[in-house]
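Chains, contacts and geometry: an overview
Each chain, written out:
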Amino acid sequence: MTDPTEQQSKLVITRDGSHTVYSSQFEQHYHNPNGAVAESKHVFFEQSSLLDDIRSSNSVTILEVGFGTGLNFLLLMDYMREAGSESTIDFYSVEGFPISPHTVDNLNYDQHLNHPELADHLPVIFNELSDGMNDISITSNITLRLFNGLFEKFHPNNLQADYIFHDAFSPDVNPELWTGDTFKKLGNVSSSYAVLTTYCAASQAQGAMAWAGWKVAKTQGALGKREMIVASQSEEPLADFSRINEEHYARRYQEGDFD
Ligand SMILES: C[S@@+](CC[C@H](N)C(=O)[O-])C[C@H]1O[C@@H](n2cnc3c(N)ncnc32)[C@H](O)[C@@H]1O
């Protein structure tokens, strides 16, 4: 019998040689076809102080929206191993439509890590997934808290993320993850100095974040993309970036200008 999940996932090689997946459900690739690994490193690791925290062995809580292939999680472990980091990491992630174990088995991320053996964690994670929250102890200091379900059903207790990896599909095909209410919810589960990064720079996303009380800045996007968003609920983490006029964007969002 055909596995319905498998029909929705097709592996594609991106321009840096790393795999992405094409989702026929959302009609979109999981990553930038110009380079999955290159994009993830740029957007989620190089535009915030996360790597400094890891290198200083600071404890960090991360919340990712969209676990997808698990690439961001693998890269995080690889950076930690490379730095000899002793950070305690709580990595929360939410995934409503997990890819099939067969697709996971064929991903080539081992070839793109400094520590290829870390990719062996992925099949174990996907094979053991239950509905709802899965608390998986990866090493003595890294815990993956993977919610297998829709973000709309994700109601964690006492979560105060330091970093948010907002890695949904784009707002046109995945609008529910880009609403003002979604960003309010993300604000409620973050510390006031948390930094949210996303590859997306759509005006509607900026408006939704501003409406939800985030301070919003733009910076150079990955792989020749002009812009991406960095946001925080405090001014300080954005001091080096160029801010938008949040009041103006929030008003436009409120008035339905981006609908
Ligand atoms: C761009 S991909 C994520 C890429 C991922 N971070 C990676 O490194 O491979 C977006 C992910 O969000 C998931 N998703 C979309 N809508 C969702 C929802 N409402 N709740 C939970 N997950 C959702 C998709 O299934 C997909 O895996």
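Before reading further, recall that the structure is shown in the block above.
Residues numbered from 1 in each chain as written. Predicted model: local features only at pLDDT ≥ 70, side-chain atom pairs only at ≥ 80, totals over all residues.

1. With respect to the nonpolar core
To be explicit about the condition: Buried Ala, Val, Leu, Ile, Met, Phe, Trp, Tyr and Cys residues whose C-beta atoms connect them within 7 Å together make up a nonpolar core. Counting other C-beta atoms within 10 Å of a residue's C-beta gives its exposure: the residue is buried at 20 or more, exposed at 12 or fewer, and partly exposed in between, where C-beta atoms are placed from the backbone. Put simply, DSSP marks the helices as runs of H or I at least four residues long and the strands as runs of E at least two long, and each gets a number from the N terminus on. Any two residues are considered in contact once their C-beta atoms, placed from the backbone, lie within 7 Å.
Counting residues in hydrophobic clusters, the biggest one holds 69 residues, and the most contacted among them are Ile62, Leu74, Tyr163 and Met209. If you tally residues by element for this core, the top one is helix α4 (residues 71–83), at seven residues. Setting aside residues up to four positions removed in sequence, Ile62 forms contacts with Ile89, Phe91, Tyr92, Ala161, Asp162, Tyr163 and Phe165.

2. Thoughts on helix α7 (residues 180–188)
Here is the rule we go by: What the arc covers is the set of directions going from the helix axis to the C-beta atoms.
Along α7, the residues that are buried comprise Thr182, Phe183 and Leu186. For α7, the arc enclosing every buried residue in end-on projection is 95 degrees, short of the 170-degree limit, so these residues lie on one face. Opposite the packed face of α7, turned more than 90 degrees from it, sit the exposed residues Asp181 and Asn188. Lining the buried residues of α7 we find β8 (161–166), β9 (190–198) and α8 (203–211).

3. Structural notes on the sheet that holds strand β2 (residues 19–23)
Let me state the cut-off plainly: A pair of strands is labelled paired if DSSP reports no fewer than 2 bridges between them.
Ordered in space as β1-β2-β3, the three strands form an open sheet in which the pairing is antiparallel. Strand pairing shows two members of the sheet lacking a second neighbour, β1 (9–13) and β3 (28–29), which therefore form its edges. Taken together, the five bridges between β1 and β2 define a ladder with antiparallel strand orientation. Looking across to β2, one finds that Ile13 is bridged to His19.

4. Section: the pairing of strand β11 (residues 228–232)
Within a regular strand, side chains alternate between the sheet's two faces. When you tally the buried positions in β11, you get five out of five residues, the bulk of the element. The alternating pattern of β11 places Met228, Val230 and Ser232 and Ile229 and Ala231 on opposite faces, both of which are buried. Relative to β11, β9 runs antiparallel, the two sharing four bridges. Bridged to Thr197 within β11 is Val230. Note that strand β10 (residues 215–219) and β11 share five bridges and pair antiparallel.

5. Regarding the sheet that holds β11
Keep this limit in mind: Fitted lines through C-alpha atoms give the axes, limited to the stretch in contact for helices. The angle between two N-to-C directions lies from 0 to 180 degrees.
Read across the open sheet, the nine strands follow the order β6-β7-β5-β4-β8-β9-β11-β10-β12; overall the sheet is mixed. If you trace the sheet from one side to the other, it starts and ends with β6 (132–137) and β12 (242–243), each paired once. For β6 and strand β7 (residues 142–148), the ladder comprises six bridges, and the chain directions are antiparallel. Along β7, the bridge assignment pairs Ser137 with Thr143. Most of the contacts of α4 go to strand β5 (residues 89–95), to which it runs at about 165 degrees, and overall it touches β4 (60–65), β5, β7 and β8.

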